[in-house]
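Geometric and topological summary
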Amino acid sequence: MGTIDHDNYEAVIGLEVHCQLLTESKAFAPVSTEFGGLPNTQLTPLCLGHPGTLPVLNDNLVRYTIKMGLATHCEVSRKSIFARKNYFYPDLPKGYQISQYETPICHGGHITITDEEAGGEDGPSTEKRIGITRIHMEEDAGKSIHDQDPYHTLVDLNRAGVPLIEIVSEPDLRTPKEAYNYLTRIKQIVQYLEICDGNMEEGSLRCDANVSVMPRGSQTFGTRTELKNMNSFRNVERALGYEIERQIALLEEGGEVVQETMLWDPDKMETRMMRTKEEAHDYRYFPEPDIPPVVVTDDMLDEVRAELPEMPDVRQKRFMDDFDMSAQDARTLTDDRYLADFFEKLVDTSGSPRAASNLVLTEVLRVLNERSISIREFPVSSERLGGLIDLREDDKVNSSAMTAIFDAMLEQEGSAEDLAESMNLLQVSDAGFIEPIVEQVIEEHPDEVGRYRDGKKGLIGFFIGQVMQRSQGKANPNLVRELIASKLEES
């Protein structure tokens, strides 16, 4: 699609985000939720809705949802009910999904998104508050698999009944970039709360988007379409960008936008129509007769509130204040809860926030990016890395040796000091070892000594290089400089 002038139009975007919760069992059945099991092995008659079975509510589904509600400034309903959402699809064995409709457990909150690019590295970033219409509890459907058989669609029902929360935003987002930042923020929050791993590729975080366009300055929203099949944050951003341009082009040509559900094709980088959009009445919602109302007591609210961790925005400010850190570095370190935890353990071990942040922001993040792993998969503990920082802070190794030891620690066991010794990288700070070498170098280069004493002070680098070479890099360069300067200044 060609470039389209957006000046006359404004997009309106609302997101529906489903988060698969990290409970050990399903929403209404005592069955494992572990990802990756053999297809159709994590099932009971409860999951299939067989006659005579009665669902039993997983208490952690309620507690995790309340936790998300409190973290996003929602009001928590003291009484909410489940509903049956009726539709027929091969991966929905009961013919209905247990969800919430008229009485969600959380409502009326907000999430603040930040545009870090707006202010540069340390300048003021722009913030925008995105309203949360509701957060409600529901169970997941199964999974239809279309790419393993050339003639048939396969169905895996292991996911059926896994606990979900659905986070429905107000239509406050205006650009694909804002939608990307909003999704990133939700992933960050659920990871900090440890209620969802936020892995979009594995389906534990999924997003549907409602998008329309309207004349800029208008107060009347246009006809919206819903986007599905977006399996990464970048694909959400790309799909929204494409759909916004498609709708603008359609309106510019005198056409009308039709309310329908669109699929995003990541290979062709375009959307295509899936079906006309359903309305709520198409699902024939009615109260779930087999599950009593969910009652949230004061004690339950207090218990869940006490479990809330330090949230990322608060942690970022603390890093800036306590560790004299730039806004950009603090954002990077607190973006992932587990990376922030790793960093703080490294500070405790090494006692040097500056050295710890430098090591994490350069070498550790380099390895995570190169290997496409998370900090929880990083092969070196914070305790071992603390020993490496101690070596450098005590001038036992130089900066290049520190990098070499770090790389060795990725592949080998043992402390940093043991590896440094085995690699012959420990610096010598014994003047008795270094001084004879200094004297020998000075004695062998009388012309350079004369030029130095005549004012060519930059020649000290020449002498340092000679000493470092003859000591095979073992001499402490700071001590080498001191000894050379002292002897060259002698009359």
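Below is a short write-up of the structure. Because the structure is predicted, anything quoted here is derived from the model rather than measured. (Residues numbered from 1 in each chain as written. Predicted model: local features only at pLDDT ≥ 70, side-chain atom pairs only at ≥ 80, totals over all residues. Heavy atoms only, no water.)

Comments concerning the overall build of the chain
Looking only at helices and strands, one finds 16 helices and 16 strands in the chain. Taking 2.2 N^0.38 as the reference for a compact globule, 491 residues should give roughly 23 Å; the C-alpha atoms of the chain span a radius of gyration of 30 Å, well beyond that estimate. Dimensions of the chain, computed from C-alpha atoms along their principal axes, come out at roughly 100 × 55 × 50 Å. Put simply, the chain has 491 residues, and 48% of those count as buried. Here the contacts in the chain between residues at least 6 apart in sequence split such that 69% fall between residues at least 24 apart. Accessible surface, the chain: about 24400 Å² in total, of which carbon and sulfur atoms supply 47%. One way to put it: in the chain the 51 positive side-chain charges average out to a point 2 Å from where the 88 negative ones average out. (Helix = DSSP H or I, 4+ residues; strand = E, 2+ residues; numbered from the N terminus. Rg over C-alpha atoms; globule rule 2.2 N^0.38 Å. Buried < 20%, exposed > 50% of the residue type's maximum accessible area, 1.4 Å probe, protein only. Contact = heavy atoms within 4.5 Å. Areas by Shrake-Rupley, 256 points an atom, 1.4 Å probe, with all protein chains shown as cover. Lys, Arg positive; Asp, Glu negative; His and termini not counted. Charge placed at Lys NZ, Arg CZ, Asp CG, Glu CD.)

Re the pairing of strand β1 (residues 9-20)
Extensive coverage of β1 is indicated by the burial of eleven of its twelve residues. As judged from the eleven bridges shared by β1 and strand β11 (residues 205-215), these two strands associate in the antiparallel manner. What sits directly across from Glu-16, in β11, is Asp-208. By the bridge criterion, five bridges tie β1 to strand β10 (residues 163-169) in an arrangement that is antiparallel. For Glu-16, the partnering residue across the bridge sits in β10 and is Val-168. (Pairing = 2+ DSSP bridges.)

Considerations on the sheet that holds strand β15 (residues 286-287)
In spatial order, the strands read β5-β4-β15; together these three strands make up an open sheet with antiparallel pairing. Of all strands in the sheet, those bounded by a partner on one side alone are β5 (96-99) and β15.

Some words on helix α3 (residues 176-193)
In this model, α3 (18 residues) spans 26 Å end to end at C-alpha, consistent with the 26 Å of a helix rising 1.5 Å per residue. Most of α3 sits inside the fold, with 15 of its 18 residues counted as buried. Positive phi shows up at Glu-194, right after α3, with a value of about 60°. (Expected span 1.5 Å × (residues − 1).)

Here's the deal with the packing of helix α2 (residues 59-71) against helix α5 (residues 298-307)
Two elements in contact, α2 and α5, have axes whose closest approach is 9 Å; the angle formed by their N-to-C orientations is 65°. The orientation of α2 with respect to α5, classified from their angle, is roughly perpendicular. Every pair of crossing elements has a handedness; the one defined by α2 and α5 is right-handed. Facing Val-62, Arg-63, Ile-66, Lys-67 and Leu-70 of α2, the residues of α5 in contact are Met-300, Leu-301, Glu-303, Val-304, Arg-305 and Glu-307. Looking at the contact of α2 with α5, its residues break down into six nonpolar, no polar and five charged. (Axes fitted to C-alpha atoms, helices over the stretch in contact; angles between N-to-C directions. Parallel < 35°, antiparallel > 145°, perpendicular 65-115°, else oblique. Left-handed = near helix turned anticlockwise from the far one by under 90°. Nonpolar A, V, L, I, M, F, W, Y, C, P; charged D, E, K, R; others polar.)

As for the pairing of strand β12 (residues 225-230)
Summarising burial for β12: five of the six residues are buried, a large majority. Bridge count for β11 against β12 is four bridges, and the pairing is antiparallel. Opposite Asn-210, over in β12, you have Glu-226 as the bridge partner. Two strands pair when backbone bridges link them, and β12 and strand β13 (residues 260-265) are joined in this way by three bridges, in the parallel orientation. By the bridge assignment for β13, Glu-226 is matched with Thr-261. Each parallel crossover has a hand, and for β12 linked through helix α4 (residues 233-252) to β13 it is left-handed. (Right-handed = clockwise from strand over helix to strand, strands pointing away.)

Details of the environment of Pro-436
In this fold, Pro-436 is placed in helix α13 (residues 431-444). In this structure, the C-alpha to C-alpha distance between Pro-436 and Glu-253, residues 183 residues apart in sequence, is 86 Å.

Re the packing of aromatic side chains
Applying the stated criterion across every chain, the model contains twelve aromatic pairs. An aromatic cluster is present here, built from Tyr-87, Tyr-101, Tyr-283 and Tyr-285 joined pairwise through their rings. It is Arg-234 that lies over the ring of Tyr-180; its NZ or CZ is 4.0 Å from the centre. (Phe/Tyr/Trp six-rings, centres within 6.5 Å; stacked < 30°, edge-to-face > 60°. Lys NZ or Arg CZ within 6 Å of the ring centre and 35° of its normal.)

Quick word on the pattern of salt bridges
The full count for this structure, using the stated rule, is 33 salt bridges. When the shortest N-O distance is used, the salt bridge between Arg-63 and Glu-307 registers 3.1 Å. Here Arg-63, found in helix α2, pairs with Glu-307, found in helix α5; they are 244 residues apart in sequence, far enough to count as distant. Looking at Arg-63, the relative accessible area reads 15%, which means it is buried. Here the salt bridges share partners, and the residues they tie into one network are Glu-194, Glu-310, Arg-315, Arg-318, Arg-337, Asp-341 and Glu-344. (Salt bridge = Lys/Arg side-chain N within 4 Å of Asp/Glu carboxyl O.)

Topic: the nonpolar core
In terms of nonpolar packing, the biggest core is built from 105 residues, with Tyr-182, Phe-378 and Leu-385 touching the most fellow members. Once residues within four sequence positions are removed from consideration, Leu-385 is found in contact with Phe-342, Leu-346, Leu-359, Val-364, Phe-378, Val-380, Phe-406 and Met-409. Core analysis: the second largest hydrophobic core is formed by 19 residues, Ile-434, Val-438, Ile-460 and Val-467 among them. (Core = buried A, V, L, I, M, F, W, Y, C linked by side-chain atoms within 4.5 Å.)

Quick word on unusual backbone geometry
Glycine aside, residues mostly have negative phi angles, and peptide bonds mostly take the trans form. Despite not being glycine, Asn-40 has its phi angle at roughly 60°, a positive value. Tracing the sequence through the fold places Asn-40 in the loop between β1 and α1 (45-48). On the basis of relative accessible area, Asn-40 is assigned to the partly exposed category, the value being 36%.

Any link to function would need more than the numbers given here.
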